[in-house]
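Reading the structure
One letter stands for each residue in the lines below.
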Amino acid sequence: MKASFLVLLIVAFNALPLAAQCPKKIVKWVEQVSLDYPGVDMNQASAEEMKRIIYNLYSDKYFVPVFKKSIAEVSKKKLEYIVKAGYFAGCSSTIPGNLFEFSAPAENALGKNRNISANNMRDFSYEVVKAKAGELRNIRKETAALEKKLKEEKASPDFDFLVDWDRSLKSRYAHLLMPAEITSLTRLVSQHTQKIASDQIGFALAKVSILDNVYASLNPLLSFVADNDRYYSYLHESDKKKVDETIKNKTGQILDACVTADMKPLPSMQIRELNAFFESFNNKYQRVFNADQVRKANQEIIAAKVALVTKEKSELLSKIQSAETAADLTQLESFYLSHIQYSDNLEVSGLYQIMADRQEEIRQENIRREIARKEAIKRQQEQAERDRLLAEAEALKQLGFDFNTNGLQHSALFLNIFKGNFVDIPFNRDDMNFGTLISEYMYHYARTCSSNLPDNRVQIYEDQCKTESVTTNGFGVEVSRYCVDWVKVPTGLYADPNVYQAYSLVQSILDRDTFKHLGKMLTQMASGDGIQAMTSMVGDALSMKADLAELVRLNGCGNKAMKRFEENLIRFANNQAALTITGEVAGNEVDYNLPQNFKILIEDLIFENSKSWAMNKFIRNSVAGVSVTARDSQNRPSNMSASYQFEGLFGRQQYSVKISFRDGVPDCLYFQDYPNTCRTADRRIVAAFREGKYIAR
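The structure reproduced in this document is the subject of the present report. Keep in mind the model is a prediction, meaning the values are calculated, not measured.

Quick notes on the rules
Residues numbered from 1 in each chain as written. Predicted model: local features only at pLDDT ≥ 70, side-chain atom pairs only at ≥ 80, totals over all residues. Heavy atoms only, no water. Disulfide = S-S within 2.5 Å. Helix = DSSP H or I, 4+ residues; strand = E, 2+ residues; numbered from the N terminus. Buried < 20%, exposed > 50% of the residue type's maximum accessible area, 1.4 Å probe, protein only. Polar contact = N/O pair within 3.5 Å; in protein donor to acceptor, adjacent residues only side chain to side chain. Phe/Tyr/Trp six-rings, centres within 6.5 Å; stacked < 30°, edge-to-face > 60°. Lys NZ or Arg CZ within 6 Å of the ring centre and 35° of its normal. Axes fitted to C-alpha atoms, helices over the stretch in contact; angles between N-to-C directions. Parallel < 35°, antiparallel > 145°, perpendicular 65-115°, else oblique. Left-handed = near helix turned anticlockwise from the far one by under 90°. Contact = heavy atoms within 4.5 Å. Pairing = 2+ DSSP bridges.

1. Here we look at the state of the cysteines
- Scanning the model with the defined rule gives 4 disulfides in all.
- Covalently, Cys449 is tied to Cys557 through a disulfide, its sulfur atoms 1.9 Å apart. Taking the sign of the S-S torsion, -65° for the link of Cys449 and Cys557, the bridge is left-handed. With a gap of 108 residues between them, Cys449 in the loop between helix 20 (432-448) and strand 1 (458-472) and Cys557 in the loop between helix 23 (530-555) and helix 24 (560-573) connect regions that are remote in the sequence.
- Cys449 gets classed as buried once you look at its relative accessible area, which sits at 0%.
- Across the disulfide, Cys668 is cross-linked to Cys678 (sulfur-sulfur distance 1.9 Å). Its S-S torsion of approximately -70° makes the covalent link between Cys668 and Cys678 left-handed. You can see Cys668 sitting in strand 7 (residues 665-671) and its partner Cys678 sitting in the loop between strand 7 and strand 8 (679-680), a full 10 residues away along the chain. Each member of the pair, Cys668 together with Cys678, is buried.

What follows is the structure, given as structure tokens:
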């Protein structure tokens, strides 16, 4: 009879018009769930809430009362009934979520598939929903047993047992059980945990309440909450307030007794004793610093000190005026005025001002003394420089040197080259300024001093274009022209072979490093300084040419000093150590018997070179993998390699660098992106290397 009735019900349901109401069975089924999910619009639930709703709809608690069997056991016809309700427009306002989420488990159980495998719908598949229904069945068995246990037991259950359940309800079960269930169970568990916690806290509080009013009793009182946090955190808020008030009152009783006893010696103390007492008192009571008893005691201590300071005011004023250093004043302030605020006493605030005024007087005196000291040092340095120049002039005279640079714009540069003072030359050999210098010197000497050239003089050659490439547009108008084939042609001028070799070496370095100089100019152009920089470059070249012509005219072609100037010019071009005025090679030999810190040396060489990089930025302390790859006949390094990192257009990158050595010191750096281009090792760093500044410590 029941089966026949169900068939008739399904037939009648299928025959309902679209405007008919949702079947009562479906309405009853959904209403059960909505009652246990108060405050949530079932049609506007979030994705997580919707999963919980669907899982509970198909769980035994809500499914079996309506369909008489669990989701795992229900008949195919009842599943079809649910699916049709999901498609029925009259149920759209009744069922939670969209029609698909509601009927998806039943439809999937029938073997039908409406994209159920999609990631966002897999949670509503039949197998997942059936598993969740089983999980909810087990959870509700556990919670039913818990409710029975808590309602039937006369004595409270184990506290840890209740805490574990409280955590489970707030974490493991919170995403599955309905909110009404969670609220009911949490309330029941909380009633028991609060009762146990209240009893345990009561026992502990009774013990500290009868402690003696001595200082040792403070610690258990002040740490009471932390020591009993296991129970305290589960107390009702009203009970927490009672505990806090009891602790506060007992702490006050102890402080009344202890602070009063500690303060008895105060009237007989002098300033030094008061300072020590203030520190020890506040260290002792630092955990109750804001207690009324402690604050009042501090006020009494400060008042006693103010009285003593006022009494000794004349003596203090005398000490302030006789103070000679800021440290003296600081010591006075620490002794007499420490812990006293401006507002504590008008006379004390006046002492603060007097001390500040004396502090300013001392500062001004120190400034005057420092100025006098620096002026004395300056006079000493100036005298030392005059003595050095006189000694140098005498040495030049004895050696037969007469080098005249009067009136020249580049006088300091020419003198540094002549004297072998390479460290103070403002550029390296791979700088265009030096290229201009050696080129102009060679050509001017060739034109004006040809009779002074050695017998093994060599002819100077220049690059000349042999073949040009010309491009025209469709109208035959030339639009571009550039050289595709260069040849060397004689100029008819001659030079010392050593000068020509140095000139050729510098030109080859500059030619191979065109990109660096172009990048530098482009960077200046981008910063708005390009035109000024190019104008300055042209001006420097013209003034260099004029100065070299005047230098030769002032000193003559055969001058001994000019020869030394030329020798050092050649040495600078070859990155060799300079000749001093006495003719000795400048700098010490590197002591390879001592361990050298090559990693720091290479780090400094790369960093100094990176200052001329156009795009990339060297990362300090990134040098690694340092190794000596070749040695000379004296077992000194002749080649080394290392890796380094930099920030560029493509982020952080790692490249390699090779360092060539000459006569035991760094000569050239060859970077991975320009492996055949010599970047001259900075001579200041090389000089420091010679002086032992890179010995491993």
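2. A few points about helix 19 (residues 411-419)
- Within helix 19, 7 of the 9 residues are buried, leaving the element largely enclosed by the surrounding structure.
- Along helix 19, the residues that are buried comprise Ser411, Leu413, Phe414, Asn416, Ile417, Phe418 and Lys419.
- Backbone geometry just after helix 19 places Gly420 at a positive phi near 80°.

3. Digging into unusual backbone geometry
- Here the phi dihedral of Lys68 falls at roughly 70°; this positive angle occurs in a residue that is not glycine.
- Among the secondary structure elements, Lys68 is positioned in the loop between helix 4 (60-67) and helix 5 (76-87).
- A relative accessible area of 61% means that Lys68 is categorised as exposed.
- Positive phi, normally seen in glycine, also occurs at Asp663, with a value near 55°.
- In this structure, Asp663 sits in the loop between strand 6 (651-662) and strand 7.

4. Here we look at the side chain of Ser338
- Relative to the helices and strands, Ser338 resides in the loop between helix 17 (326-337) and helix 18 (346-399).
- Ser338 gets classed as buried once you look at its relative accessible area, which sits at 17%.
- Side-chain polar atoms of Ser338 contact the backbone oxygen of Ser334, separated by 2.7 Å.

5. Some details on the packing of aromatic side chains
- One pass over the full model with this rule turns up 35 aromatic pairs.
- Seen from their ring centres, Phe63 and Phe67 are 4.7 Å apart, and the 35° between their planes marks the pair as tilted. Placement of both Phe63 and Phe67 in helix 4 is noted, with a separation of 4 residues, approximately one turn of the helix. With respect to burial, Phe63 and Phe67 carry one shared label: buried.
- Ring centres of Phe159 and Tyr234 lie 5.6 Å apart, and the angle between their planes is 90°; this geometry places the pair in the edge-to-face category. In this pair, Phe159 sits in helix 8 (residues 159-170) while Tyr234 sits in the loop between helix 12 (229-232) and helix 13 (237-263), placing the two residues 75 residues apart along the sequence.
- Site record: aromatic cluster; members linked through ring pairs are Phe401, Phe403, Phe414, Phe418, Tyr441, Tyr445 and Phe565.
- The ring of Phe161 has Lys149 lying over it, and the distance from NZ or CZ to the ring centre is 5.6 Å.

6. Side note on the packing of helix 2 (residues 24-35) against helix 4
- For the pair helix 2 and helix 4, interaxial distance at closest approach is 10 Å and the crossing angle is 160°. One element, helix 2, and the other, helix 4, form an angle in the roughly antiparallel class. The handedness of the crossing between helix 2 and helix 4 comes out as right-handed. Seen from helix 2, the contacting residues are Lys25, Ile26, Lys28, Trp29, Gln32 and Val33; seen from helix 4, they are Lys61, Tyr62, Phe63, Pro65, Val66 and Phe67.

7. Side note on the packing of helix 20 against helix 21 (residues 497-512)
- Between helix 20 and helix 21, the shortest axis-to-axis distance is 10 Å and the interhelical angle comes to 150°. Taken together, the axes of helix 20 and helix 21 are roughly antiparallel relative to one another. As helix 20 runs across helix 21, the sense of the crossing is left-handed. Contact residues: Met432, Phe434, Gly435, Ile438, Ser439, Met442 and Tyr443 in helix 20; Val499, Tyr500, Ala502, Tyr503, Val506, Gln507 and Leu510 in helix 21.

8. Comments concerning the pairing of strand 4 (residues 624-631)
- With 5 bridges joining them, strand 4 and strand 5 (residues 637-648) adopt antiparallel strand pairing. Bridge pairing links Val628 to Met640 in strand 5.
- In sequence, strand 4 turns back onto strand 5 through a hairpin of 5 residues, with Asn635 there showing a positive phi of about 65°.

9. Let's talk about the pairing of strand 5
- With 2 bridges connecting them, strand 3 (residues 617-618) and strand 5 associate as antiparallel partners. Counterpart to Lys617 in the pairing with strand 5 is Glu647.
- Note: strand 5 against strand 6, 10 bridges, orientation antiparallel. Within the sheet, the bridge partner assigned to Gln645 lies in strand 6 and is Gln654.
- Following strand 5, the chain reverses through 2 residues before pairing antiparallel with strand 6.

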